[in-house]
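Structural overview
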Amino acid sequence: MAEKLMKYADATKKYDVVFGLETHVELSTNTKLFCPAHIEFGGEPNTQLTPVSLGLPGSLPVVNKTAVDYAIKLGLALHCEIAEWSQFARKNYFYPDMPRDYQISQYDKPTNGNGYLDVELEDGTVFRVPIERAHIEDDAGKNTHVGGADGRIEGADHSLVDYNRAGVPLIEIVTKPIEGAGDRAPEIAGAYMRAIRDIVRALGISHARMEQGNMRADVNVSLRPSADAPYGTRSETKNVNSFRGIEKTIQYEIRRQAARLDEGKEILQETRHWDEATQTTAGGRVKSDADDYRYFPDPDLVMLHITKEHIAEIQAQMPEMPRERRNRLKAEWGLTDLQMRDILNADALDLIEETVKAGASAAGARKWWLGELSREANAKGVSLEELPVTPADVAEVEKLIADGKLNDKLAKQTVAGVLAGEGTPDEVVKKHGYKIVEDNGAIEAAVDAAFEANPDVVEKLKSGNMKPMGVIIGAVMKATRGQADAKAVTKVVMSKIKG
């Protein structure tokens, strides 16, 4: 039975919204957190294993130093306090994809704590998200439920377990309760998650591909009568793996909880699951508190000692952060706020920057990635990065245009050839014989033919009405198979109508 929902505007007007995010970021180390098992997305099931990642008796964990350094980098980027001493703890729970029957995480002594992240919203507003902690832990394996609808456990005949992911290093970034967001809570959550993605990519510590599970979030939402009232009972929607899904989850939970509170019904402290098909959340199990996990220090692992000198070394390696980089590029490229927002919304900033580095102008690079290539990506249902064309290819096409060897039409045909797998732009041009017609005699002959076929247009042009000029240019381009230069054609036309 469908849950009753309150209108979103009414819900946010009547109740104060409090939300929080627990973001799991999978680190891009070569090996797992506590063993030397190789990590590779999409590998054959149960082939990336060691006795440690299977939790076999007698196997002992050894911490991955690179993973710890990655955690410190992220802590610095999130303005966290880096603990001199931090500790791993066992988080006890029982599920088929957790072979040890406990997760190695951090509890009361995390590596990073008490930070914040300023996120910029579409209208330029900056909202500060407070961060409780960013701790290190290992991931669980993956269950595949067979026979049920949409891969869910309900109605499944049996389940398969792949332990390749078990032991992969994660950082879990836990926000403090986020207050004061009001009806902008979904927007703030989406902006925060995108900012986290951009930061971990800039740091080079994660691929942060949500569709591959490199990054996902548990979404906590509660309502209260007013901002000075105690927090309400929260729901926690687990493992939401898209920005839009996170925004929609918060919106839905606000509407669902508001309707229940309005009817005097109880809000259960429970885990829920986001269903992309129905755009709803569904109840799962009653949510456990920390005590239920029976945390205690892992006796097989010594405490981490992170010196000030080591933090300083890592600080010196920190790259430019995404927000500062965006502001720099916006100034260098002479963009408006709206133009930069279009680039960010298309996830094209890296591609455009690489294209500019390869020799293209910022305007030319932006034109291709936000125009022809964005249309191609949308038509194929893929990201820009997944298209079979590189920034170097786009820069090469731009150079051919700048050198007068291609016009816009031929350039588009060249790019189409690259996308079709015909080779580099230079190879496509040679294969099809694309070149601008530079022979003025050939252009003049085509213009004369166009004049003869369109005498009424010629009379208008001679009288000073330039609006029909496109008819003549179009006829010439058709006659030259798109290989004439439009500027050269215009010059010949103007000389003829004035002569």
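Please read all numbers here as calculations on a predicted model, not as lab measurements.

Brief notes about the side chain of glutamate 270
Looking at the secondary structure, you find glutamate 270 in strand β13 (residues 270-275). A relative accessible area of 10% means that glutamate 270 is categorised as buried. Engagement of the side chain of glutamate 270 in a polar contact is seen with the side chain of arginine 272, the distance being 2.6 Å.

Describing the pattern of salt bridges
Summed over the entire model, instances satisfying the criterion amount to 43 salt bridges. A salt bridge links arginine 184 to aspartate 123, with the nearest nitrogen and oxygen atoms 3.1 Å apart. Taken together, the residues span a long stretch of sequence, with arginine 184 in the loop between β10 (169-175) and α3 (185-203) and aspartate 123 in the loop between β6 (112-120) and β7 (126-138) at a distance of 61 residues. As a salt-bridge pair, glutamate 263 and lysine 265 come within 3.3 Å of each other at their nearest N and O atoms. What you see here is one network of salt bridges that share partners, running through Glu320, Arg325, Arg328, Glu332, Asp350 and Glu353.

As for helix α5 (residues 308-316)
For α5, every residue scored as buried is listed here: His310, Ile311 and Ile314. The buried side chains of α5 occupy one side of the element, clustering within an arc of 100 degrees when seen end-on. For α5, the exposed residues set more than 90 degrees away from the buried face come down to Lys308, Glu309 and Ala316. Looking at the packing, one finds that the buried side of α5 touches α2 (65-77) and β2 (81-82).

Procedures and definitions
- Residues numbered from 1 in each chain as written.
- Predicted model: local features only at pLDDT ≥ 70, side-chain atom pairs only at ≥ 80, totals over all residues.
- Heavy atoms only, no water.
- Helix = DSSP H or I, 4+ residues; strand = E, 2+ residues; numbered from the N terminus.
- Buried < 20%, exposed > 50% of the residue type's maximum accessible area, 1.4 Å probe, protein only.
- Polar contact = N/O pair within 3.5 Å; in protein donor to acceptor, adjacent residues only side chain to side chain.
- Salt bridge = Lys/Arg side-chain N within 4 Å of Asp/Glu carboxyl O.
- Arc of directions from axis to C-beta.
- Contact = heavy atoms within 4.5 Å.

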